[in-house]
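# Commentary on secondary and tertiary structure
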Amino acid sequence: MNTAAAVAAPLDAERVRRDFPILAQQVNGHPLIYLDSAASGQRPNAVLRAVERYETHHHSNVHRGVHALSQTATEAFEGARERARRFLNARSRREIVFVRGTTEGINLVAQAFARPRFGPGDEILISGLEHHANIVPWQMVCEQTGCALKVAPIDRRGEVDLERLFGQLTARTRLVAVAHVSNALGTILPVERIVQAAHSCGALVLLDGAQAVPHTAIDVQALGCDFYAFSGHKLYGPTGIGVLFGREELLEEMPPWQGGGDMIRTVSFEKSTYNELPWKFEAGTPNISGAVGLAAAMDYLEGLGIEAVAAHEQRLLALATAELNRIPGLEIIGTAAHKAAVLSFTLRGCHPHDLGTILDSEGVAIRTGHHCAMPVMTFFDIPATARASFGCYNTEADVYALVAALGKAREVFG
Amino acid sequence: MDLKDLYRDVILDHNRQPRNFGPLENADAHADGHNPLCGDRLTVWVSLQGDRIADVHFEGKGCAISTASASLMTEAVKGKDTATVRRLYEQVHTLLTHPNTTPDASLGKLAALGGVSEFPARVKCATLCWHTLSAALDRSADAVTTE
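Residues numbered from 1 in each chain as written. Chains lettered and ligands numbered in written order. Predicted model: local features only at pLDDT ≥ 70, side-chain atom pairs only at ≥ 80, totals over all residues. Heavy atoms only, no water.

Before going further, it helps to examine the sheet that holds strand S5 (residues 123-127) of chain A. Residues and elements named next belong to chain A. Ordered by their spatial adjacency, seven strands build an open sheet running S4-S10-S9-S8-S7-S5-S6, and the pairing between neighbours is mixed. Because the sheet does not close on itself, it has two edges, and the strands there are strand S4 (96-99) and strand S6 (148-152). Taking each pair of neighbouring strands and ignoring which way they run, the sheet shows an average axis angle of 20°. In this sheet, strand S10 (residues 242-246) lies alongside strand S9 (residues 227-231) in antiparallel orientation, the contact comprising five bridges. Looking at S10, one finds that Tyr228 is bridged to Phe245. Where helix H6 (residues 136-145) meets the sheet, its contacts fall on S5, S6, strand S7 (173-179) and strand S8 (204-208), and the angle it forms with S6 comes to roughly 145°. (Pairing = 2+ DSSP bridges. Helix = DSSP H or I, 4+ residues; strand = E, 2+ residues; numbered from the N terminus. Axes fitted to C-alpha atoms, helices over the stretch in contact; angles between N-to-C directions. Contact = heavy atoms within 4.5 Å.)

Set out below in structure tokens:
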């Protein structure tokens, strides 16, 4: 994904594969070829064991009791927060809020940051390639406050038209919310430039990092973004856990989002006072084992080397792009100059759903549909695409299995 | 799970060359069907003589199963009264959701959809047209009762 990738030691994907027990199975009489990591990554033994160890030896509720287990659970949970801080290179643990996933992170910013501040005349700017999770929360804020949603268009390659985006940045723009990497098209957005331009207009920036975190090292200080949200399960961690990074000054000013236990300091029937950051935003018992698993996933991914993983995936993407381009009637949707290992495509005469079924019968798991990005499908005037996405455990053999299965589809629909 | 059982020749033929395709002029009612999960969309038009479907057309974008199912449906329901059509849908639904059902002879070519039952994720593709037809018939009934 960057120049560092070129010098990283190559990834031994065959060895990596053996870390993921789920991959060693047959599906419909064929070895499983898992090409749906953009929907959800699989978990390595290191994550499975960390969760099991926590559940077997350390579980209790956090931030509560004085007994031994409560203390070990709290240490594990807050240790995971410190791990996430290092993963993002955030300044402080106070900036790391555990959430269910990217979607909840964005909704938190929408309801606790945007809703109390924005009003008629204010604008939120997103791009034309956003996932529904980075569209709908803002539409809700617009309905609640009277502010307006603006959309920077994309071009036929699936790149955000930067000139247009910069042109749409005005003194009315309060927040720019864009994907770091597009889930439907694979496009890597030039987020540093977007952050700079937005800040120079006085707008804040939220980055939807769901698709970026498994492919690139994130440094929120270098990016300069104000909020960054991602999900654990996209980077080989558990589902139901994710992180919202927010700059401390902003989080400090924001009111709590949900009320309940753990987010308070004192409660009386007349008035309650709130806990300090980040617990102010973590009402109720959190997903403790999820956080432990997420920390293990970060250890695992950084152990492989994110640059090495990215370089490996880029090789697979280049191979798959070349191979798929040779198939008559196949069109790749999303041909941006800088892409993560996501390959959306259509095959003439064969609807993506039929493709998905035929590939599945060959043991090849891909995603088909609109990928929670209906406006992207509308832009390209297609109902759906088939999408193959690559992770650290995929190999060249997986690419050739995909190509062979596509040959089968062409046979059926020839 | 056998692919050939899903994509039988009848299905592939009706996908390539859907019958009764395109808008029906002077239709008494029409309805739009949409499967938001997969993006399939279709419209069904009906014209009625009394309680009988005199003609039925459909148009839409969808996978082979949804297109073929709609095409086969239009052929099967033309000329039938609405009560018969609803019974027919119940039979089709049983066929789609119960593997190893022996299709009733009255299903005719619709029996070609039997392979769908082995692919639970695809059942909704095959039923979209029937839901849409049902909505069109309800609408025409409403139109009749309000006049």
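Next comes the rest of the description.
The next point concerns unusual backbone geometry. All names here are of chain A. With an omega of -5°, the peptide bond between Leu277 and Pro278 qualifies as cis. Positionally, Pro278 belongs in the loop between strand S12 (272-274) and helix H11 (288-304). The backbone of Asp262 sits at a positive phi, close to 75°, despite the residue not being glycine. Turning to its location among the elements, Asp262 is positioned in the loop between helix H10 (248-253) and strand S11 (264-267).

Residues and elements named next belong to chain A. Two strands pair when backbone bridges link them, and S5 and S6 are joined in this way by five bridges, in the parallel orientation. Bridge pairing in S6 places Ser127 opposite Ala152. Read from S5 through H6 to S6, the crossover connection turns out right-handed. (Right-handed = clockwise from strand over helix to strand, strands pointing away.)

Attention shifts here to the environment of Ala386 of chain A. All names here are of chain A. If you trace the backbone, Ala386 turns up in strand S17 (residues 385-389). Between the alpha carbons of Ala386 and Leu319 there is a distance of 17 Å; along the sequence they are 67 residues apart. In contact with Ala386, other than residues within four places in its own chain, are Leu343, Ser344, Phe345, Pro352, Leu355, Ile366, Arg367 and Thr368.

With that out of the way, let us pick up the pairing of S17 of chain A. All names here are of chain A. Buried residues dominate S17, accounting for five of its five residues. Along S17, one buried face is formed by Thr385, Arg387 and Ser389 and the opposite face, lined by Ala386 and Ala388, is buried too. Where strand S14 (residues 342-347) and S17 come together, four bridges link them in antiparallel fashion. Within the sheet, the bridge partner assigned to Val342 lies in S17 and is Ser389. Sheet topology places strand S16 (residues 367-369) next to S17; three bridges connect them, and they run antiparallel. The residue bridging Thr368 from the neighbouring strand is Ala386, located in S17. (Buried < 20%, exposed > 50% of the residue type's maximum accessible area, 1.4 Å probe, protein only.)

Let us look at H11 of chain A. Residue and element names in this part refer to chain A. The end-to-end C-alpha distance of H11, which contains 17 residues, comes to 25 Å, matching closely the 24 Å that a straight helix rising 1.5 Å per residue would cover. Counting buried residues in H11 gives 14 out of 17 residues, a clear majority hidden from the surface. Sitting at the head of H11, Asn287 places a side-chain oxygen 2.8 Å from the backbone nitrogen of Gly290. Looking at the residues trailing H11, positive phi occurs at Gly305, about 95°. (Expected span 1.5 Å × (residues − 1). Polar contact = N/O pair within 3.5 Å; in protein donor to acceptor, adjacent residues only side chain to side chain.)

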